[in-house]
Amino acid sequence: MPSRKFADGEVVRGRWPGSSLYYEVEILSHDSTSQLYTVKYKDGTELELKENDIKPLTSFRQRKGGSTSSSPSRRRGSRSRSRSRSPGRPPKNARRSASASHQANIKEARREVEVKLTPLILKPFGNSISRYNGEPEHTERNDVPHKNTQEKFNLSQESSYISTQYSLRPRREEVKLKEIDSKEEKFIAKELAVRTFEVTPIRAKDLEFGGVPGVFLIMFGLPVFLFLLLLICKQKDPSLLNFPPPLPALYELWETRVFGVYLLWFLIQVLFYLLPIGKVVEGTPLIDGRRLKYRLNGFYAFILTSAVIGASLFQGVEFHYVYSHFLQFALGATVFCVVLSVYLYMRSLKAPRNDLSPASSGNAVYDFFIGRELNPRIGTFDLKYFCELRPGLIGWVVINLVMLLAEMKIQDRAVPSLAMILVNSFQLLYVVDALWNEEALLTTMDIIHDGFGFMLAFGDLVWVPFIYSFQAFYLVSHPNEVSWPMASLIIVLKLCGYVIFRGANSQKNAFRKNPSDPKLAHLKTIHTSTGKNLLVSGWWGFVRHPNYLGDLIMALAWSLPCGFNHILPYFYVIYFTMLLVHREARDEYHCKKKYGVAWEKYCQRVPYRIFPYIY
Ligand SMILES: NC(=O)C1=CN([C@@H]2O[C@H](COP(=O)(O)OP(=O)(O)OC[C@H]3O[C@@H](n4cnc5c(N)ncnc54)[C@H](OP(=O)(O)O)[C@@H]3O)[C@@H](O)[C@H]2O)C=CC1
Ligand SMILES: CC(C)CCC[C@@H](C)[C@H]1CC=C2C3=C(CC[C@@]21C)[C@@]1(C)CC[C@H](O)C(C)(C)[C@@H]1CC3
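The name given to the protein chain in an unreviewed UniProt entry is Delta(14)-sterol reductase LBR, with Mandrillus leucophaeus as the source organism. Check the Subunit (unreviewed entry) section of the UniProt entry for the protein chain; it says "Interacts with CBX5. Interacts with DNA. Interaction with DNA is sequence independent with higher affinity for supercoiled and relaxed circular DNA than linear DNA. Interacts with lamin B. Interacts with CLNK. Interacts with TMEM147; promoting LBR localization to the nucleus inner membrane."

Rendered as structure tokens:
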């Protein structure tokens, strides 16, 4: 195995890609396969460099007097606003490295020529995000001259869908110099673009969910856990202190007829998805700049499903069958999800590199879980997008209705209990809201970052319908009478959660769609070097994930109608807190990589992640 020249932690000088400029960097790691070093610039930018592009500090001659540019960022003087923002361009008065002395003429020439580089942004939702939003005295830009402010040129794959390229606009005519300048800039821009669009599998240390052992455990543990929960919940005394009931053998749970009903449900949803109704929108730009088209007809699918369910009830279809075969349905959905995951993994092996998810790692087990392909499609049929909102989410509402009918039947009630009505209506609102705001799904981590594999297939098709309906399932065999004053308090809590959840999501979506929306003009923002801004006031100035806070408050309101006799109905709140805390950490990691210094500034301005003054 070839030996490495530089050790981890060593401070050296690394060449900025595409230029002949060297900046102080720290060696983070070395990949013996690709022979690349991961280095960190002073502003936090992490890049992979070849050994040839790294020099020991001692090989640089220091010049007295000049200010040192110690990162790809440039400290700008008074006229620097109109000058290049290229990482390869040296700052005015910047010290020159000895190794870059052959560039001297070019650099001298640059002093005479003013060149303006304008970031070309690949626009999410077709709106420019390069415009600065907000009043100057209320906002801060991280690209104005500032002692500690450095530009960050993020080349990570996460940021690639908003890649920043550079166009040159010479202000004065100086043909020769302009040519030299433009040649070098074009080269830098090309290299940046190439690197930006590169899909490199993530290294083992970056694997999420506890890496391979973690995802292995989740894949086997979660289905078992699901069946245990459902079995415990069916017991007369569903206390967790009781000995858990034994899991039935798989053949006892398997019913081909149930599986047939499940497939029929799935196919009906496919049919509704394919209906040419609803507007077509473009998703966020992909790694290669392409933007996929999505038809927004989830709400119509819900209306049509409601019509079919209503007609079936009218025809006397026995919905109790779903309740009495609930475990069998859960098994049918799990089997379907495993088959789907195998198909997704197999087809991903033939997928072009650009179609792979940034989360994929190259490890078969991990990729089977997280999903290798980002947007698997059969023609225009987007499998992930379809599964995320249709069979599982709408299925959840239908299951809740089944539980409501089962409660009336089993408890011999003329009308459903207030607790059941509360749970049903709260969760109906949540699902309808998701379908009504379907376009917002296109900017979620699931669509942009995670591939479509076992995790989302199981989450969408099994976990959501069979676990999210758990409160209603619990109430069928464990009635709880809720007083009207208590119900009023729970309704207020639910509405508070909903206002925060919807307000935060809508504010962010509107801002991402059109940052210069006059309705958002009062909001303060931080500018980032990707061209995208971050909101620092409004909901996003309250905590860093106000939408998670709202979601969690709603989750509590869904459980409270079940009373306080058992912890079981609170399982959802506990699980969801863990999910969102973990999700927040994942998002934080990606945003830090994407926005660097600007994200750190945001964290200083908005110190709490989800719960104000707590976390
Ligand atoms: N019921 C359930 O089981 C689940 C529900 N959810 C819900 O789904 C919704 C979407 O969640 P999720 O995709 O995780 O994440 P978010 O909708 O919170 O999106 C996070 C992204 O928002 C952008 N962002 C972060 N901070 C700011 C800011 N200050 N200003 C502007 N943009 C910012 C960043 O992306 P960029 O800058 O690139 O735009 C970041 O990556 C949430 O409401 C969540 O509660 C999520 C998981 C499970
Ligand atoms: C069990 C696994 C380890 C984890 C599974 C997680 C999934 C259940 C969730 C991941 C993200 C989700 C979203 C929603 C439902 C749950 C899953 C699939 C969502 C569709 C719920 C409705 C919201 O309004 C939303 C914002 C559209 C949600 C998007 C994310």
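Participant: Is there a simple way to explain the overall build of the protein chain in this structure?
Facilitator: Counting secondary structure elements, the protein chain contains 19 helices and 13 strands. Relative to its full complement of 615 residues, the protein chain shows a buried share of 56%. In the protein chain, of all internal contacts separated by at least 6 residues, the share reaching a separation of at least 24 is 75%.

Participant: What is the right way to look at helix H6 (residues 298–314) in this model?
Facilitator: An α-helix turns once every 3.6 residues. As a result, residues three or four positions apart point the same way. For H6, with 17 residues, the first-to-last C-alpha span of 24 Å sits near the 24 Å given by 1.5 Å per residue. Turning to H6, its buried residues are Gly298, Ala301, Phe302, Thr305, Ile309 and Ser312. Considered in projection along H6, the buried side chains sweep an arc of 100° and stay on one side of the axis. Elements in contact with the buried residues of H6: helix H5 (256–274), helix H11 (391–410) and helix H12 (418–436).

Participant: Honestly, the site of ligand 1 in this entry has me stumped. Any pointers?
Facilitator: The environment of ligand 1 is formed by 27 residues, the closest being Tyr468, Tyr548, Asp551, Arg583 and Tyr595. Note that a nitrogen atom of ligand 1 is positioned 2.9 Å from one of the backbone N or O atoms of leucine 535. Within the side chain of tyrosine 602, one N or O atom sits 3.1 Å away from a nitrogen atom of ligand 1. Mapped onto the shell around ligand 1, the elements with two or more residues apiece are helix H16 (484–513), strand E13 (533–535), helix H17 (546–559), helix H18 (571–595) and helix H19 (597–605). Sorting elements by how many residues they give to the shell around ligand 1 places H18 first, with eight residues.

Participant: Sorry, what's going on with the packing of H12 against helix H15 (residues 470–477) here?
Facilitator: Between two packed helices, both the angle of their axes relative to each other and the distance between the axes serve to describe the pair. Viewed as axis vectors pointing N to C, H12 and H15 meet at an angle of 165°, and their least axial separation amounts to 10 Å. In terms of orientation, H12 and H15 fall into the roughly antiparallel class. As H12 packs across H15, the resulting crossing turns out to be left-handed. In this structure, H12 uses Ala419, Met420, Val423 and Gln427 to contact H15, whose residues at the interface are Gln471, Ala472, Leu475 and Val476. When grouped by side-chain class, the residues that make up the contact of H12 with H15 number six nonpolar, two polar and no charged.

Participant: Would you mind showing me how to read the sheet that holds strand E1 (residues 11–15) here?
Facilitator: Across a sheet, strands are paired by hydrogen bonds formed along the backbone, either parallel or antiparallel in direction. Within the open sheet, the five strands sit side by side as E4-E3-E2-E1-E5. Their pairing is antiparallel. Where the open sheet ends on each side, the last strands, each with one partner, are strand E4 (46–50) and strand E5 (54–56). The mean inter-strand angle of the sheet, taken between neighbouring strand axes irrespective of direction, is 50°. Sheet analysis places E1 next to strand E2 (residues 22–31), joined by five bridges and oriented antiparallel. Paired with valine 12 across the two strands is valine 25, which belongs to E2.

Participant: Whenever I open this one, the side chain of glutamine 427 confuses me. Can you help?
Facilitator: Tracing the chain through its elements places glutamine 427 in helix H12. Looking at glutamine 427, the relative accessible area reads 1%, which means it is buried. Setting aside chain neighbours within four positions, we find glutamine 427 in contact with Trp396, Asn400, Tyr468, Ser469, Gln471 and Trp558.

Participant: Is there a simple way to think about the nonpolar core in this case?
Facilitator: Side chains that are nonpolar tend, in soluble globular proteins, to be buried together. Leu226, Met403 and Phe466 are the most contacted members of the largest nonpolar core, which totals 119 residues. The contact partners of methionine 403, leaving out residues within four places of it in the chain, are Tyr323, Phe326, Met420, Ala472, Phe473 and Val476. Among the nonpolar cores identified, the runner-up in size contains 16 residues, and Cys591, Ala598, Trp599 and Cys603 belong to it.

Participant: Quick question: what am I supposed to make of the site of ligand 2 here?
Facilitator: The local shell around ligand 2 holds 15 residues, among which Leu222, Ala434, Asp446, Asp460 and Arg583 are the closest. Here ligand 2, which alone exposes 630 Å², has 86% of that area covered by the protein. For the shell around ligand 2, the secondary structure elements donating two or more residues are helix H10 (383–389), H12, helix H14 (454–467) and H18. Considering every element that reaches the shell around ligand 2, the biggest residue donor is H14, with four residues. Grouping the amino acids of the shell around ligand 2 by side-chain chemistry returns 10 nonpolar, one polar and four charged.

Participant: Sorry, what's going on with the environment of isoleucine 610 here?
Facilitator: With respect to the helices and strands, isoleucine 610 occurs in the segment after H19. A relative accessible area of 0% means that isoleucine 610 is categorised as buried. When the C-alpha atoms of isoleucine 610 and valine 543 are compared, they prove to be 5.7 Å apart, with 67 residues separating the residues in sequence. Setting aside residues no more than four positions away along its own chain, isoleucine 610 makes contact with Val543, His545, Tyr548, Leu549, Leu552, Leu580, Val581, Glu584 and Tyr615.

Participant: Even after reading the chapter, I still don't get the UniProt feature "transmembrane region" (unreviewed entry) in the protein chain, so can you show me in this structure?
Facilitator: Following the UniProt record, one finds the feature "transmembrane region" (unreviewed entry) at residues 212–232, 258–275, 296–314, 326–346, 414–432, 452–470, 482–501 and 552–576. The distance from the first to the last C-alpha atom of residues 296–314 is 29 Å, and the span holds 89% helix and 0% strand. From the first C-alpha to the last, residues 326–346 spans 30 Å; its make-up is 100% helix and 0% strand.

Participant: Help me understand the packing of H6 against H12 in this model?
Facilitator: Closest axis-to-axis distance for the H6/H12 pair is 7 Å, and the angle between their directions is 135°. Relative to H12, the element H6 lies oblique. Contacts from Gly298, Phe299 and Phe302 in H6 reach Leu428, Val432, Leu435 and Trp436 in H12. Taken together, the residues of the contact of H6 with H12 sort by class into six nonpolar, one polar and no charged.

Participant: Help me out: how do you make sense of a nonpolar patch on the surface in this one?
Facilitator: A cluster of nonpolar side chains, contributed by Leu240, Ile567, Ile574 and Met578, occupies part of the molecular surface with about 410 Å² of accessible area. Mapping methionine 578 onto the fold places it in helix H18. On the basis of relative accessibility, which here comes to 58%, the residue methionine 578 falls in the exposed class.

Participant: Hey, could you run me through the side chain of asparagine 533 in this one?
Facilitator: Looking at where asparagine 533 falls in the secondary structure, it is placed in strand E13. On the basis of relative accessible area, asparagine 533 is assigned to the buried category, the value being 2%. At a separation of 2.8 Å, a polar atom in the side chain of asparagine 533 contacts the side chain of histidine 527.

Parameters at a glance
Residues numbered from 1 in each chain as written. Chains lettered and ligands numbered in written order. Predicted model: local features only at pLDDT ≥ 70, side-chain atom pairs only at ≥ 80, totals over all residues. Heavy atoms only, no water. UniProt positions renumbered as here; feature names shortened; annotations may be inferred. Helix = DSSP H or I, 4+ residues; strand = E, 2+ residues; numbered from the N terminus. Buried < 20%, exposed > 50% of the residue type's maximum accessible area, 1.4 Å probe, protein only. Contact = heavy atoms within 4.5 Å. Expected span 1.5 Å × (residues − 1). Arc of directions from axis to C-beta. Near = heavy atom within 4 Å. Polar contact = N/O pair within 3.5 Å; in protein donor to acceptor, adjacent residues only side chain to side chain. Axes fitted to C-alpha atoms, helices over the stretch in contact; angles between N-to-C directions. Parallel < 35°, antiparallel > 145°, perpendicular 65-115°, else oblique. Left-handed = near helix turned anticlockwise from the far one by under 90°. Nonpolar A, V, L, I, M, F, W, Y, C, P; charged D, E, K, R; others polar. Pairing = 2+ DSSP bridges. Core = buried A, V, L, I, M, F, W, Y, C linked by side-chain atoms within 4.5 Å. Areas by Shrake-Rupley, 256 points an atom, 1.4 Å probe, with all protein chains shown as cover. Patch = residues over 30% accessible without salt bridge, like charges linked within 9 Å, V, L, I, M, F, W, Y side chains within 5 Å. Salt bridge = Lys/Arg side-chain N within 4 Å of Asp/Glu carboxyl O.

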